[in-house]
Amino acid sequence: MVQVNIKKLDPHAVLPTYGTPGAAGADLYALLDAPLTIAPGETVFVHTGLSLELPEGYAGLVYPRSGLSCKRGLAPANKVGVIDPDYRGEVMVALHNHGTAPATVDVGERIAQLVVAPFLHVEFCETDELSDTQRGAGGFGSTGTTETLTGAAPTGAAAMTDAPSDAAATAAQAAPDVAALRADALAYYHGMGAPFDRREAVAKLLAAADAGDVLCRARLAYLSCIGDEIAGIPQDREAGLAALSEVLEGLQVEVGREEPDAMLLLGNLLVDGLGVEKDDHRAVELYYRASELGFAPAANALGQCFSFAVGVQLDAVRAVGCYRRAAEAGFAPAQFHLGVCYFDGNGIRPDKPEAAKWYAAAAEQGYAPAQFTLGRHYSQIMNGVENDLEKGIMWLTRAAEQGLVRAMTYLADLYHNAGTNGGDILAAKWYETAAKRGDLYGMKQYATYLASGRGGVPKEPDAAKAMLAAAARGGLKEAVLLYRDLYGKLS
């Protein structure tokens, strides 16, 4: 392997990285203090903070990135930049906005790709004659633009053989529009073009699956494998894997057709090793491909890979860039993840008000984890938002009503600690709801209400003992200790 020495001119500069094992170009990263907006028709020299020492006989070729150029109109102004082996200055990328709208480059965003390639130095020899060829001096367009047609178009009866009959046309009109069902289901599932509503999405996924859509069948099988408390799907790994085995081939066909959601789903299966051999690197490649097509959920998945070193090196800065692109496209989970990065200072300067802004954006779309986080922050005197218990309870209630168990128990604790009869009634309601979903803490807490008759709950000592025992057997240490105090050793 050829070695290229690189010098960092700035400690915040990022070394070039290959996105996949088979990538020809290594990504170059923007070295910026703040996001940079480039106006239509404007060219800006963007720093990378790097200088190279290329081996003799090799050049660095700076090419556009397909997603950046095709989706946002940003590409090197000189089309392909050439870095000579004797150049020791900073590598700069002259980004030009070929589009009709301003385009923003994020801090640490990938802005071009560097291909290191060998070249030849030749001797140019003047001559009076050149050898003859069939083409000769034919220039632009001299070889034509289409192949010669070798047959006439069919006419008469022959041309009509593929036309549908009246009966077939009527059947086609009566058949469900599977593509429309799929699009509708995925819009609700991802919250892109429709409200973020997983329960509604599942109903629509079922309708599309019943109509024969393989992608929706595959996504339902995946949800069965992992379980989804918000969608109301319990985990049943065995059934999910059996269902996946029936649709995996069809899913691969969808991936071959460059269907972004199929790439995302297959990537998830590869990361989890569900129905296929675990392959994080292949998953990252699929996420890249889908995100290059402008699919925000895939950009978010790629951010998760950089956040947790799944198939790539840990890179918090790149994770933020991925989350930001998806968040600005309106994808609620990415807005939430970007908020977490701002709150914790991962890959970006800590900014709790900015974190609260992104939490709110996701919460307004109905994303339950963001609603829970925002509600928790409003109920505390900290975290970038004003202390407002009423708002906190509102967001926590919305998350709990969607089925987020940790929101149920947190909300119940708030009501429980209020020490009022009205608070006890609401606390009992949410502890019971969490307990029915199998939450051990909810079971332990509701058992105390059953034992005391608190909060309007009928006093049922035997039921309280049984529920506390179930929580203890489930491994909740608090339940084990409480059971011993009340009833002795757990049998």
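These figures come from a predicted structure and were not determined experimentally. (Residues numbered from 1 in each chain as written. Predicted model: local features only at pLDDT ≥ 70, side-chain atom pairs only at ≥ 80, totals over all residues. Heavy atoms only, no water.)

Moving on: the overall build of the protein chain. Along the backbone of the protein chain there are 20 helices and eleven strands. Seen along its three principal axes, the alpha-carbon backbone of the protein chain occupies a region of about 110 × 75 × 45 Å. Counting across all 491 residues of the protein chain, residues that qualify as buried make up 44%. Counting only contacts in the protein chain whose residues sit at least 6 apart along the sequence, the fraction spanning at least 24 positions is 57%. Accessible area for the protein chain stands at about 25800 Å²; split by element, carbon and sulfur atoms hold 54% of it. Distance between charge centroids for the protein chain: 10 Å, based on 41 positive and 59 negative side chains. (Helix = DSSP H or I, 4+ residues; strand = E, 2+ residues; numbered from the N terminus. Buried < 20%, exposed > 50% of the residue type's maximum accessible area, 1.4 Å probe, protein only. Contact = heavy atoms within 4.5 Å. Areas by Shrake-Rupley, 256 points an atom, 1.4 Å probe, with all protein chains shown as cover. Lys, Arg positive; Asp, Glu negative; His and termini not counted. Charge placed at Lys NZ, Arg CZ, Asp CG, Glu CD.)

On the surface, a cluster of negative charge is contributed by Glu126, Asp128, Glu129 and Asp132. Looking at the element boundaries, glutamate 126 is found in the loop between strand S11 (110-118) and helix H2 (156-160). Judged by its relative accessible area of 83%, glutamate 126 falls in the exposed class. (Patch = residues over 30% accessible without salt bridge, like charges linked within 9 Å, V, L, I, M, F, W, Y side chains within 5 Å. Salt bridge = Lys/Arg side-chain N within 4 Å of Asp/Glu carboxyl O.)

The biggest cluster of nonpolar side chains holds 77 residues, and the ones touching the most others in it are Leu205, Leu251, Leu269 and Tyr287. Among the elements that take part in this core, helix H6 (residues 214-226) stands out by supplying nine residues, more than any other. Not counting chain neighbours up to four residues away, the residues in contact with leucine 269 comprise Tyr222, Leu244, Leu248, Leu251, Leu274 and Val276. The next biggest cluster of nonpolar side chains, apart from the first, holds 23 residues, and it includes Trp430, Tyr431, Leu450 and Ala464. (Core = buried A, V, L, I, M, F, W, Y, C linked by side-chain atoms within 4.5 Å.)

Let's shift gears to unusual backbone geometry. In the Ramachandran plot, glutamate 258 falls in the positive-phi region, its phi being about 65 degrees despite a non-glycine side chain. Inspection of the secondary structure puts glutamate 258 in the loop between helix H7 (237-256) and helix H8 (260-272). In this structure glutamate 258 comes out as partly exposed when scored by relative accessible area, which is 37%.

This next bit is on the pattern of salt bridges. In total, this model carries 23 salt bridges according to the counting rule given. With a shortest N-O distance of 2.5 Å, arginine 72 and glutamate 109 are connected by a salt bridge. Residue arginine 72 is found in helix H1 (residues 66-72), and its partner glutamate 109 is found in the loop between strand S10 (103-105) and S11; the two are separated by 37 residues along the sequence. Since its relative accessible area comes to 26%, arginine 72 is described here as partly exposed. The class of glutamate 109 is buried, set by a relative accessible area of 3%. Where salt bridges share partners, they join Asp27, Arg65, Arg110, Glu292 and Arg318 into one cluster.

Bringing the sheet that holds strand S7 (residues 74-76) into the picture now. As summarised here, the arrangement of the four strands in space is S1-S5-S9-S7, forming an open sheet in which the pairing is antiparallel. Unpaired on one side and paired on the other, strand S1 (5-8) and S7 mark the two borders of the sheet. Strand-to-strand, the axes of this sheet are offset by a mean angle of 45 degrees, without reference to chain direction. When S7 meets strand S9 (residues 90-97), the two strands line up antiparallel, connected through three bridges. Bridging across to S9, proline 76 finds its partner in leucine 95. (Pairing = 2+ DSSP bridges. Axes fitted to C-alpha atoms, helices over the stretch in contact; angles between N-to-C directions.)

What follows is about the packing of aromatic side chains. By the definition in use, this model includes seven aromatic pairs. Note on phenylalanine 372 and tyrosine 410: the rings are 5.9 Å apart at their centroids and 90 degrees apart in plane angle, and the pair reads as edge-to-face. Pair noted here: phenylalanine 372 is in helix H14 (residues 368-378) and tyrosine 410 is in helix H16 (residues 405-418), with a separation of 38 residues, a long-range link. A relative accessible area of 9% places phenylalanine 372 in the buried class. Considering the side-chain rings of tyrosine 431 and tyrosine 441, the 6.3 Å spacing of their centres and the 75 degrees angle between planes classify their relative orientation as edge-to-face. Remark: tyrosine 441 occurs in helix H18 (residues 440-452) and tyrosine 431 occurs in helix H17 (residues 421-436); sequence separation between them is ten residues. By relative accessible area, tyrosine 441 is classed as partly exposed at 23%. Chaining the aromatic ring pairs together yields one cluster made of Phe196, Phe336, Tyr359 and Tyr367. (Phe/Tyr/Trp six-rings, centres within 6.5 Å; stacked < 30°, edge-to-face > 60°.)

Attention now goes to the environment of glutamine 313. Structurally, glutamine 313 can be placed in the loop between helix H10 (296-308) and helix H11 (316-328). Residue class for glutamine 313 comes out exposed when judged on its relative accessible area of 67%. With 249 residues separating them in the primary sequence, glutamine 313 and proline 64 have C-alpha atoms 23 Å apart.

Glancing now at the sheet that holds strand S6 (residues 58-63). Taken in spatial order, the five strands of this open sheet run S2-S3-S11-S6-S8, and their pairing is antiparallel. Unpaired on one side and paired on the other, strand S2 (17-18) and strand S8 (81-83) mark the two borders of the sheet. Strand direction decides the pairing type here: S6 and S8, joined by three bridges, are antiparallel. Along S8, the bridge assignment pairs valine 62 with glycine 81.

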